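Architecture at a glance
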Amino acid sequence: QVQLGESGGGLVQPGGSLRLTCATSGIIFRIYNMGWYRQAPGKQRELVALVTLDYITKYADSVKGRFIISRDNAKNAVYLQMNSLQPEDTAVYSCFAARQLRSWEPRVDYWGQGSQVTVSS
């Protein structure tokens, strides 16, 4: 049974930081490309960051220089360190696992349940 369990979301003030964790089970983690999408109310889903099975990282322009994605194959987990958070970062963040990428777009095989991140004073 495949599980992608997310943690670390919550409420933070502008300029603050949060770290999301996606712990996986039931998959051969090292062969999957991993990452995070986010979706804010009334907006399209956005690919925030991904890390390939070869540890190549890619970020949305909106988060470059502020967010850092990393993976730990020994722990079967992927992390998203979010710094200098702004109200426009408010969204539900969902981790994913994808065997294949097409022009850097993941063909998602599995999703996490989603974690709410709210940036507000």
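Described below are features of the structure shown in this document. Quick caveat, the model's predicted, so the values are computed rather than measured. (Residues numbered from 1 in each chain as written. Predicted model: local features only at pLDDT ≥ 70, side-chain atom pairs only at ≥ 80, totals over all residues. Heavy atoms only, no water.)

1. Some details on the overall build of the protein
Counting its regular elements, the protein contains zero helices and 11 strands. In sequence order, the secondary structure elements of the protein are arranged as β-β-β-β-β-β-β-β-β-β-β. The globule rule puts the C-alpha radius of gyration for 121 residues at 14 Å, and the 13 Å found for the protein is close to it. For the protein, the spread of C-alpha atoms along the three principal axes comes to 40 × 25 × 25 Å. A total of 121 residues make up the protein; the buried ones form 43% of that total. A separation threshold of at least 6 residues defines the contact pool for the protein, and within that pool the share at least 24 residues apart is 58%. As displayed, the protein offers around 6500 Å² of accessible surface, 45% of which is attributable to carbon and sulfur atoms. Here the protein contributes 13 positive and 9 negative side-chain charges, whose respective centroids are spaced 4 Å apart. (Helix = DSSP H or I, 4+ residues; strand = E, 2+ residues; numbered from the N terminus. Rg over C-alpha atoms; globule rule 2.2 N^0.38 Å. Buried < 20%, exposed > 50% of the residue type's maximum accessible area, 1.4 Å probe, protein only. Contact = heavy atoms within 4.5 Å. Areas by Shrake-Rupley, 256 points an atom, 1.4 Å probe, with all protein chains shown as cover. Lys, Arg positive; Asp, Glu negative; His and termini not counted. Charge placed at Lys NZ, Arg CZ, Asp CG, Glu CD.)

2. Describing the sheet that holds strand E1 (residues 3–7)
Read across the sheet, four strands follow the order E1-E3-E8-E7 without closing on themselves; strand pairing throughout is antiparallel. This sheet does not close on itself; its edge strands, each paired only once, are E1 and strand E7 (67–72). Direction aside, the axes of adjacent strands within the sheet are offset by 15 degrees on average. In terms of strand pairing, E7 meets strand E8 (residues 77–82) through six bridges, oriented antiparallel. Paired with Phe67 across the bridge in E8 is Met82. (Pairing = 2+ DSSP bridges. Axes fitted to C-alpha atoms, helices over the stretch in contact; angles between N-to-C directions.)

3. Structural notes on the environment of Glu6
Inspection of the secondary structure assignment puts Glu6 in strand E1. Using a relative accessible area of 10% as the deciding quantity, one classes Glu6 as buried. Along the chain, Glu6 and Asn76 lie 70 residues apart, while their C-alpha atoms are 12 Å from each other. Aside from chain neighbours lying at most four places away, what touches Glu6 is Thr21, Cys22, Trp36, Tyr93, Ser94, Cys95, Gly112, Gln113, Gly114 and Ser115. Among the polar contacts made by the side chain of Glu6, one reaches the main-chain amide nitrogen of Gly114 at a distance of 3.3 Å. From its side chain, Glu6 meets the backbone nitrogen of Ser115 in a polar contact 3.2 Å long. (Polar contact = N/O pair within 3.5 Å; in protein donor to acceptor, adjacent residues only side chain to side chain.)

4. Remarks on the state of the cysteines
Scanning the model with the defined rule gives one disulfide in all. With its sulfur 2.1 Å from that of its partner, Cys22 forms a disulfide with Cys95. Here the S-S torsion is close to 45 degrees, and the disulfide linking Cys22 with Cys95 is therefore right-handed. Of this pair, Cys22 sits in strand E3 (residues 18–25) while Cys95 sits in strand E9 (residues 91–102), placing them 73 residues apart in sequence. Look at Cys22 and you get buried, because its relative accessible area is 0%. Here Cys95 falls in the buried class, since its relative accessible area comes to 0%. (Disulfide = S-S within 2.5 Å.)

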